[in-house]
Every structure is written in structure tokens, then in C-alpha cells.
Amino acid sequence: IMYSSPTDVGRLDVKGIAVARGDTSNFTRELQLSVIHACCTNPSDCWRAVKSLVLTAIKEIKARDKAEFVKSVKLGASYKNPSGQVSVCVAKRMVDRGQEEPLPGERVSYLIAKPESKKRKRISDRADHPDHVSLTQLDYAYYVESQIIKPLRRFLDILCKDWKLEILYLNS
């Protein structure tokens, strides 16, 4: 809600839905659209349908094609901290392998691999071009959290106060 003065009652200013973001994977986009459809089709009993969609997505995540998880971001011309930018790190790895260097403004596709050691590594250190991340290297725990739970958290919070107790995903 935005206010223009202390006495203003405000107005709702809606900018859009996260489904339309350019860096959202096809998997996340399809899941969010399915949740929205379930909520619109049967609003009085949508929690059961949404819970089923989420649990099925978590259960079947390892059976999906890795292409469904690919995300992309635009490569910028300059960054204050380039080593922390996924697009810069993936582009550097591509150049190191002899691949064509993406130009600033082009989208750089990537997947996130499991960390190679127990030490916590940055996402930018674990990101690589989809051609160089195998299914066994994919960090499925990252994908459950970042592409299922995070994007749907707003829906889940509204639909069921105790959704975390009903959707146990941490050990998947």
C-alpha cells in the first residue's frame, strides 16, 4: 500500500507476478501457474490441491530433465564485485573452456551444482553452463528450496498457516 500523505488511506499498487520474471526456470513457472490455476479453480479447497502439487514436485524433482531447471541472467558490462555475479562466473568458465564469450546484455544460462566440499560455497562458484553440469552434479536441495519453496512461499503462507509442518522438504 502506498500513501501520498499521512491522512491518505492508501491504494494497492500491484506491479506483476513473479512468474513473469526472466530469470525464472520453466519448472518454477509451470509450478506457479499450476498453483494459481488450482487456487482460481476451487478457491474454497485449494490448499489440498496446492499441497499435492508441491509434494509431487518435491518427490519427482530428480526424475525431471535438467533443462527444466535452467535459469538465465543478463550479463552486465561492469560490476563492483564480479566474482559474486553468477553471469560473470559462468561466462568466465565458458571462455576458459574455449567457448564463445557472451557479450554484455546477452543472457547467460546456468545450473547450480552440488558443492564439491563441505565448506559453504557461493552460488556463483557452483554455477556453470548447462552443458557442463550433469544430473548427478545438480544440487537438488538447492532447487527444492529456490525453485519450489521460495517462489511459492507467499501462496503457502496465505493458504495454510502451518504449511511447514505439512510439507516436509528439508530431507529431500
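Remember, predicted model here, so these are calculated numbers, not experimental data. (Residues numbered from 1 in each chain as written. Predicted model: local features only at pLDDT ≥ 70, side-chain atom pairs only at ≥ 80, totals over all residues. Heavy atoms only, no water.)

I would appreciate a short explanation of the packing of aromatic side chains in the present structure.
The way to describe two aromatic rings as a pair is by their centre distance and the angle between their planes. A full pass over the atoms with the stated rule returns 3 aromatic pairs. Both rings, one in Y142 and one in Y143, keep their centres 5.1 Å apart while their planes meet at 80 degrees; by these two values the pair is edge-to-face. Ring pairs connect the aromatic residues F27, F69, Y142 and Y143, which therefore count as one cluster. (Phe/Tyr/Trp six-rings, centres within 6.5 Å; stacked < 30°, edge-to-face > 60°.)

Looking at this structure, I do not really get helix α1 (residues 26–41). What am I missing?
Each α-helix winds once per 3.6 residues, and so residues spaced three or four apart point in a common direction. The terminal C-alpha atoms of α1 lie 22 Å apart, and with 16 residues this matches the ideal 22 Å at 1.5 Å per residue to within 8%. Within α1, burial applies to F27, T28, L31, Q32, V35, A38 and C39. The arc that holds the buried residues of α1, viewed along the axis, is 125 degrees, so those residues lie on one side. Facing away from the buried side of α1 by more than 90 degrees, the exposed set consists of H37, C40 and T41. Buried residues belonging to α1 abut α2 (46–59) and α5 (140–159). (Helix = DSSP H or I, 4+ residues; strand = E, 2+ residues; numbered from the N terminus. Expected span 1.5 Å × (residues − 1). Buried < 20%, exposed > 50% of the residue type's maximum accessible area, 1.4 Å probe, protein only. Arc of directions from axis to C-beta. Contact = heavy atoms within 4.5 Å.)

Please explain the packing of α2 against α5 as it appears in this structure.
Helix packing geometry: the angle between the two helix axes and the distance between the axes. At a closest axis distance of 11 Å, the pairing of α2 and α5 adopts a crossing angle of 170 degrees. Taken as axis vectors, α2 and α5 run roughly antiparallel relative to one another. On the side of α2, the interface is formed by C46, W47, V50, V54, A57 and I58, while α5 contributes V144, I148, I149, L152, L156 and L159. Each residue belonging to the contact of α2 with α5 can be placed in one class, and the counts come to 12 nonpolar, no polar and no charged. (Axes fitted to C-alpha atoms, helices over the stretch in contact; angles between N-to-C directions. Parallel < 35°, antiparallel > 145°, perpendicular 65-115°, else oblique. Nonpolar A, V, L, I, M, F, W, Y, C, P; charged D, E, K, R; others polar.)

Would you explain the pattern of salt bridges in this entry?
A side chain with one charge can pair with a side chain of the opposite charge if their charged atoms come near. Considering all chains together, one arrives at 8 salt bridges under this definition. Salt-bridge contacts for R64 lead to E68; the nearest nitrogen and oxygen are separated by 2.6 Å. R64 sits in the partly exposed class, given a relative accessible area of 27%. Measuring nitrogen to oxygen at the nearest pair gives 2.1 Å for the salt bridge that ties D139 to R126. (Salt bridge = Lys/Arg side-chain N within 4 Å of Asp/Glu carboxyl O.)

Help me understand the environment of T56, please; the structure alone is not making it clear to me.
Along the chain, T56 falls in helix α2. A relative accessible area of 34% means that T56 is categorised as partly exposed. At a separation of 2.8 Å, a polar atom in the side chain of T56 contacts the main-chain carbonyl oxygen of S52. (Polar contact = N/O pair within 3.5 Å; in protein donor to acceptor, adjacent residues only side chain to side chain.)

What is the right way to look at the sheet that holds strand β3 (residues 127–128) in this model?
Through backbone hydrogen bonds, the strands of a sheet pair up, either in parallel or in antiparallel fashion. Spatially, β1-β2-β3 is the arrangement adopted by the 3 strands of the open sheet, whose pairing is antiparallel. On the outer flanks of this sheet lie β1 (71–74) and β3, each paired with one strand and no other. Pairing analysis gives 2 bridges linking strand β2 (residues 107–112) to β3, with the strands arranged antiparallel. Bridge pairing links I112 to A127 in β3. Relative to the sheet, helix α3 (residues 86–96) contacts β1, β2 and β3, its axis offset from that of β2 by approximately 90 degrees. (Pairing = 2+ DSSP bridges.)

As far as function goes, none of this settles anything; it's purely spatial.
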